[in-house]
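# Commentary on secondary and tertiary structure
The residues making up each chain are set out below.
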Amino acid sequence: MPIDKLLFYLDFPFVRYAIIVGVLVSLCSSLLGVTLVLKRYSYIGDGLSHVAFGALAIASVLKVTNNMLIILPVTVAVAILLLCTGKNARIKGDAAVAMVSVGALAIGYLLMNIFSTSANISGDVCTTLFGSTSILTLKTEEVYLCVILSAAVLAAFVLFYHKIFAITFDENFSRATGVNTTLFNLLIAIIVAVIIVLAMNLVGALLVSALVVFPALSAMRIFKSFFSVTVAAAVISVVCSLIGILVAILAGTPVGSTIVAADIFAFGICYGTSLIRNRES
């Protein structure tokens, strides 16, 4: 019976770790996903995840024990450059994200091949890009780090919700009313970078954007206000994450890909619901 099998697996700590991390990462990514979609920065998840991949390659070459010491600062720095200097930069918006994305991915893969630290480079790269094929890879310290960073992200979002709302819809008006838009763009950049780094362990570098974009787009098919879309996106993201992890446990499929498949299915349901509702009205 699937239920008996699931209950059996839930007795193992690594399964509970995967569920905790999956729920927290999905929740955090969905909150900022609405803002990024509305600000036309949906693609930034891909760009930053590739930067994190390049930073991971550097950490592997330097044989750094805790690769977060390199990955997190580098990703945060690039996020700040992309989000906070986008309007003033000579290379703007999607062009800058595309350059950073492709460049970091290429350099990371090049470094991993030139300074090989593993006998199975292809396996390591595949795991990093598409997520772990097993949920056994989460360590206790990674779970604690995820809990701490997720709590910080949630606290920052709740505390500065109204400011984030204001600069999401009209940054110029917000600046005119006295809001320090530079500071809050900086905050958003840091939060996005933290979310991307956390999500890489769950779904891999190439699938991170799905956690950011799909729940937001799904919620926008049904709800209209910023608050309701944000709450709905969080609920959809957490439910899809739980379903994806549980299905991966029972079916033996890769966790990251299964979560993204659940997000795609949820988007299909929401899109179909919006079409039916529009026809009836």
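Here is a short report on the structure shown in this document. What you are looking at is a predicted structure, and each value in this text was computed from that prediction instead of being measured.

### A look at the overall build of the chain
Secondary structure summary: the chain contains 13 helices and zero strands in total. Written out in order from the N terminus, the α and β elements of the chain read α-α-α-α-α-α-α-α-α-α-α-α-α. Within the chain, the fraction of its 281 residues that count as buried is 47%. In the chain, of all internal contacts separated by at least 6 residues, the share reaching a separation of at least 24 is 77%.

### What about the packing of helix α2 (residues 13-38) against helix α11 (residues 208-222)?
Direction vectors running N to C along α2 and α11 enclose 70°, while the axes themselves pass 7 Å from each other. Considering their axes alone, α2 and α11 lie roughly perpendicular with respect to each other. As α2 runs across α11, the sense of the crossing is right-handed. Where α2 approaches α11, its residues V25, S26, S29, S30, G33, V34, L36, V37 and L38 are matched on the opposing element by L211, V212, V213, P215, A216, L217 and M220.

### A word on the packing of α2 against helix α12 (residues 226-251)
Put simply, α2 and α12 touch, their axes get as near as 8 Å, and they point 150° apart. If you check the angle between α2 and α12, you find them roughly antiparallel. Handedness of the α2/α12 crossing: right-handed. Taken together, the residues that form the contact of α2 with α12 break down as 17 nonpolar, eight polar and no charged.

### Some words on the environment of L48
Looking at the element boundaries, L48 is found in helix α3 (residues 44-61). For L48, a relative accessible area of 0% corresponds to the buried category. C-alpha separation for the pair L48 and I196, spaced 148 residues apart in sequence, amounts to 6.8 Å. Residues in contact with L48, not counting those within four places in the same chain, are T75, V78, A79, L82, V192, A193 and I196.

Cut-offs used in this document
Residues numbered from 1 in each chain as written. Predicted model: local features only at pLDDT ≥ 70, side-chain atom pairs only at ≥ 80, totals over all residues. Heavy atoms only, no water. Helix = DSSP H or I, 4+ residues; strand = E, 2+ residues; numbered from the N terminus. Buried < 20%, exposed > 50% of the residue type's maximum accessible area, 1.4 Å probe, protein only. Contact = heavy atoms within 4.5 Å. Axes fitted to C-alpha atoms, helices over the stretch in contact; angles between N-to-C directions. Parallel < 35°, antiparallel > 145°, perpendicular 65-115°, else oblique. Left-handed = near helix turned anticlockwise from the far one by under 90°. Nonpolar A, V, L, I, M, F, W, Y, C, P; charged D, E, K, R; others polar.

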